[in-house]
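# Architecture and fold: a report
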Amino acid sequence: SFTVAIVGRPNVGKSTLFNRIIGKRISIVDDKPGVTRDRIYGQVEWRGKKFTLVDTGGIDPEGSDVMTSHIRRQVEFAIDSSDLILFLLDSKEGLLPTDKEVAALLRKSGKPIIPVINKVDDYAAKPELYEFYQLGLGEPVFISAIHGSNVGDLLDQIVGFIDEDEGPDY
Ligand code: GDP
């Protein structure tokens, strides 16, 4: 089925977004570094269209300030085995060098990408979000995975990539 992979640095909120969309807490969210978890899959149905959502990976024990082999493997897995990639970024931390390296890999892949800027908990606070337009990956979607804001818009965009003939089987 149509497969959507979530990639991004450790701690950007991949697990939180996965749980928000799946609606169940079936993956682990942990603040403590050094907690590793495997890829987790969930089935989603939205506006009559179905897709498989993959959370590509856990917290990187090596840290998030460099492009580690862990993050590279995650991104390569997503490029090889998904139809659409959600590239999750953290509005509170801003664009880090790792994010730019991941963006370069994703641009080179030619895959459909949605840049998703997480932790936009308060739009009224008008955070500095303009830098995310520099990624060269198209219009970002701004969400708060914790509060659920704009996650419906994100799901609308995701299913917009799914052909009608990939809809429900009868
Ligand atoms: P992952 O390592 O990318 O899977 O990130 P997690 O889902 O484990 O989240 C890392 C931290 O960011 C946790 O403390 C989450 O509670 C927090 N977090 C996730 N989404 C949001 C959000 O929308 N707003 C805020 N303020 N924090 C968030």
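Everything below is about the structure shown above.
Just so you know, these numbers come straight off a predicted model, no measurement behind them.

Read from one edge of the open sheet, six strands run β2-β3-β1-β4-β5-β6, paired in mixed fashion. Pairing within the sheet leaves two strands with one partner each, and these edge strands are β2 (40-46) and β6 (141-142). Here β2 runs beside strand β3 (residues 49-55); their pairing, made up of seven bridges, is antiparallel. When the sheet's bridge partners are listed, Gly-42 is paired in β3 with Leu-53.

In terms of nonpolar packing, the biggest core is built from 36 residues, with Ile-6, Val-7, Ile-85, Leu-86, Phe-87, Leu-88 and Val-116 touching the most fellow members. Only β1 (3-7), α1 (14-22), β3, α2 (69-81), β4 (84-90), α3 (97-109), β5 (113-118) and α4 (151-159) provide two or more residues apiece to this core. A total of six residues in this core trace back to one element, the largest contributor, which is β4. Excluding anything up to four places from it in sequence, Phe-87 contacts Val-7, Gly-8, Val-102, Leu-106, Ile-113, Pro-115, Val-116 and Leu-137.

Right, let's get into the site of the ligand. Close to the ligand lie 17 residues, the nearest being Gly-13, Lys-14, Ser-15, Thr-16 and Ile-146. The biggest single contributor to the shell around the ligand is α1, with three residues. Of the residues that constitute the shell around the ligand, the class distribution is six nonpolar, seven polar and four charged.

A separate point is unusual backbone geometry. Although it is not a glycine, Arg-47 adopts a positive phi angle of roughly 50 degrees. Here Arg-47 lies in the loop between β2 and β3. One non-glycine residue, Asn-150, lies in the positive phi region at around 70 degrees. In this fold, Asn-150 is placed in the loop between β6 and α4.

What follows deals with the pairing of β1. The buried count for β1 comes to four of five residues, which makes it a mostly enclosed element. The pairing of β1 with β3 spans four bridges and is classified as parallel. If you follow Thr-3 over to β3, its bridge partner there is Thr-52. With four bridges joining them, β1 and β4 adopt parallel strand pairing.

This part takes up the environment of Gly-13. As for its placement among the helices and strands, Gly-13 is situated in the loop between β1 and α1. On a C-alpha basis, the gap between Gly-13 and Ile-146 in space is 8.5 Å, while along the polypeptide they are 133 residues apart. Once residues lying within four places of it in the same chain are set aside, the contact partners of Gly-13 are Leu-88, Asn-118, Lys-119 and Ala-145.

How each quantity is defined
Residues numbered from 1 in each chain as written. Predicted model: local features only at pLDDT ≥ 70, side-chain atom pairs only at ≥ 80, totals over all residues. Pairing = 2+ DSSP bridges. Helix = DSSP H or I, 4+ residues; strand = E, 2+ residues; numbered from the N terminus. Core = buried A, V, L, I, M, F, W, Y, C linked by C-beta atoms within 7 Å. Buried ≥ 20, exposed ≤ 12 C-beta atoms within 10 Å, placed from the backbone. Contact = placed C-beta atoms within 7 Å. Near = placed C-beta within 6 Å. Nonpolar A, V, L, I, M, F, W, Y, C, P; charged D, E, K, R; others polar.

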